[in-house]
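The primary structure of each chain is shown beneath.
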Amino acid sequence: MTATIALVDDDRNILTSVSIALQAEGFLTRVYADGEAALKALVDNPPDLAVLDVKMPKMDGLELLRRLRAQRQTPVIFLTSKDDELDEAMGLAMGADDYIAKPFSQRLLIARIRAILRRTEASSAPREGETAPAPVLERGRLTMDPARHRTLWAGEPVTLTVTEFLILETLAQRPGIVKTRNQLMDAAYQDDIYVVDRTIDSHIKRVRRKFRAVDPQFDAIETLYGAGYRFSEE
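Not measured: the values here are computed from a predicted model.

Colleague: Explanation requested: the overall build of the protein chain in the structure shown.
Modeller: Along its length, the protein chain carries eight helices and 11 strands. In the protein chain, which comprises 234 residues, the share counted as buried stands at 47%. Considering only contacts in the protein chain between residues 6 or more positions apart, those separated by 24 or more positions represent 59%. Roughly 11800 Å² of accessible area belongs to the protein chain as shown, and the carbon and sulfur atoms make up 49% of that amount.

Below, the structure is given as structure tokens:
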């Protein structure tokens, strides 16, 4: 099935050039010139993935993501200003799956789109050759169901993005074992995708925040300074 990508940017040149590039790769595209125009369409007829510019008139990308996340879990890639760490941190904290700083190469954007779509498909469908969905993972109060992309903590649902789910699943599969940032990046990102250490740190912070919203005492993800992270044994 052909994936549909929504592009939201007030720069018409970016909309046109990226849309042409994506269509050449076999994607369907929808384009919107501002967040306000895009919101209803993204909610009523969600694409497989959305690429959002941060700085737009009428409604910026951060506000668009906030409103979208209240109703949909559509994967999102943010386009941020070069070296603007505030945009990056806020976008990740609000649930973006990835970010790319402008100016960017279309090849890099397409690679990251494909990577996120692969992760989305992997979390909702059996792997090739499997006759049954991936088994439910239970670790103390944590329950993770990869086939349904569902996470529970003490019976309470916790909504995670695809990237967050894969990072937490990697930690929870071997409680007590320290995973380095590189190992977590390998689990959550394909080999052709480069992310920096602080991206994993931002994902971990966001996962903790989401769990603490249902359990203020949540401390199952431990930081081993200079080493990485581990899921604590209970």
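Colleague: Whenever I open this one, unusual backbone geometry confuses me. Can you help?
Modeller: Leave glycine aside and you will find that most residues have negative phi; peptide bonds, for their part, are mostly trans. For the peptide bond that leads from Lys 102 to Pro 103, omega is -10°, which places it in the cis range. Residue placement: Pro 103 occurs in the loop between strand 5 (98–101) and helix 5 (106–124). Here the phi dihedral of Ala 154 falls at roughly 50°; this positive angle occurs in a residue that is not glycine.

Colleague: For this particular structure, what's the right way to read the sheet that holds strand 9 (residues 156–157)?
Modeller: Two orientations exist for strands paired in a sheet by backbone hydrogen bonds: parallel and antiparallel. Taken in spatial order, the four strands line up as 6-7-8-9 in an open sheet, and their pairing is antiparallel. Two strands close off the open sheet at either side, each with one partner strand: strand 6 (137–139) and strand 9.

Colleague: Can you walk me through the pattern of salt bridges in this structure?
Modeller: When the charged atoms of two side chains with opposite charge come close together, those side chains can pair. If you walk through the whole model with that rule in mind, you get 14 salt bridges. Residues Asp 44 and Lys 40 are paired through a salt bridge, measuring 2.5 Å at the closest nitrogen-oxygen approach. Of this pair, Asp 44 and Lys 40 are both found in helix 2 (residues 35–44), four residues apart, which corresponds to roughly one turn of the helix. For the salt bridge of Arg 69 with Asp 97, the shortest nitrogen-to-oxygen distance reads 3.4 Å. Here the residue Arg 69 occupies a position in helix 3 (residues 61–69), and Asp 97 occupies one in the loop between helix 4 (85–94) and strand 5, the gap between them amounting to 28 residues. Here Arg 69 and Asp 97 have matching classes, each one buried.

Colleague: Whenever I open this one, the nonpolar core confuses me. Can you help?
Modeller: Across soluble globular proteins, nonpolar side chains have a tendency to be buried as a group. Core analysis: the biggest nonpolar cluster contains 23 residues, and Leu 142, Trp 153, Leu 168, Leu 171, Phe 211, Ile 221 and Phe 231 have the highest contact counts within it. Elements supplying a minimum of two residues to this core: strand 7 (142–145), helix 6 (162–173), helix 7 (181–188), helix 8 (197–214) and strand 11 (228–231). Discounting residues that sit within four places of it in the chain, Phe 211 has contacts with Leu 142, Thr 151, Trp 153, Val 158, Leu 160, Leu 168 and Phe 218.

Colleague: What am I meant to see in the pairing of strand 10 (residues 221–224) here?
Modeller: Regular strands have side chains that alternate between both faces of the sheet. Relative to strand 11, strand 10 is paired through four bridges, and the arrangement is antiparallel. Of the residues in strand 11, the one forming a bridge with Thr 223 is Tyr 229. The loop that links strand 10 with its antiparallel partner strand 11 comprises three residues; one of these, Gly 226, has a positive phi angle of about 85°.

Colleague: What am I meant to see in the sheet that holds strand 4 (residues 76–80) here?
Modeller: Read across the sheet, five strands follow the order 2-1-3-4-5 without closing on themselves; strand pairing throughout is parallel. A single partner strand is all that each edge strand has here, and the edge strands are strand 2 (28–32) and strand 5. Between one strand axis and the next, the sheet turns through 20° on average, direction left out of account. Here strand 3 (residues 49–53) runs beside strand 4; their pairing, made up of four bridges, is parallel. Of the residues in strand 4, the one forming a bridge with Ala 50 is Val 76.

Colleague: What am I meant to see in the packing of helix 2 against helix 3 here?
Modeller: Two numbers describe how helix 2 lies on helix 3: the axes approach to 10 Å, and their chain directions differ by 20°. When the interaxial angle is binned, helix 2 and helix 3 end up roughly parallel. In the crossing of helix 2 with helix 3, the sense of the turn from one axis to the other is right-handed. Of the residues in helix 3, those in contact with Gly 35, Ala 38, Leu 39, Leu 42 and Val 43 of helix 2 are Leu 64, Arg 67 and Leu 68. A class-by-class count of the residues in the contact of helix 2 with helix 3 yields six nonpolar, one polar and one charged.

Colleague: Honestly, helix 1 (residues 12–24) in this entry has me stumped. Any pointers?
Modeller: An α-helix turns once every 3.6 residues. As a result, residues three or four positions apart point the same way. Between the first and last C-alpha of helix 1 there are 18 Å, a value that for 13 residues agrees with the 18 Å anticipated at 1.5 Å per step. All of the buried residues in helix 1 are Ile 14, Leu 15, Val 18, Ser 19, Ala 21 and Leu 22. Buried residues in helix 1, looked at end-on, bunch into an arc of 165°, giving them a common side. Across helix 1 from its buried face, at more than 90 degrees, point the exposed residues Arg 12, Asn 13, Ile 20 and Ala 24. Where helix 1 begins, the side chain of Asp 11 points an oxygen toward the backbone nitrogen of Asn 13, at a separation of 2.9 Å. Gly 26 sits one or two residues past helix 1 and shows a positive phi near 95°.

Reading guide: rules and limits
Residues numbered from 1 in each chain as written. Predicted model: local features only at pLDDT ≥ 70, side-chain atom pairs only at ≥ 80, totals over all residues. Heavy atoms only, no water. Helix = DSSP H or I, 4+ residues; strand = E, 2+ residues; numbered from the N terminus. Buried < 20%, exposed > 50% of the residue type's maximum accessible area, 1.4 Å probe, protein only. Contact = heavy atoms within 4.5 Å. Areas by Shrake-Rupley, 256 points an atom, 1.4 Å probe, with all protein chains shown as cover. Pairing = 2+ DSSP bridges. Salt bridge = Lys/Arg side-chain N within 4 Å of Asp/Glu carboxyl O. Core = buried A, V, L, I, M, F, W, Y, C linked by side-chain atoms within 4.5 Å. Axes fitted to C-alpha atoms, helices over the stretch in contact; angles between N-to-C directions. Parallel < 35°, antiparallel > 145°, perpendicular 65-115°, else oblique. Left-handed = near helix turned anticlockwise from the far one by under 90°. Nonpolar A, V, L, I, M, F, W, Y, C, P; charged D, E, K, R; others polar. Expected span 1.5 Å × (residues − 1). Arc of directions from axis to C-beta. Polar contact = N/O pair within 3.5 Å; in protein donor to acceptor, adjacent residues only side chain to side chain.

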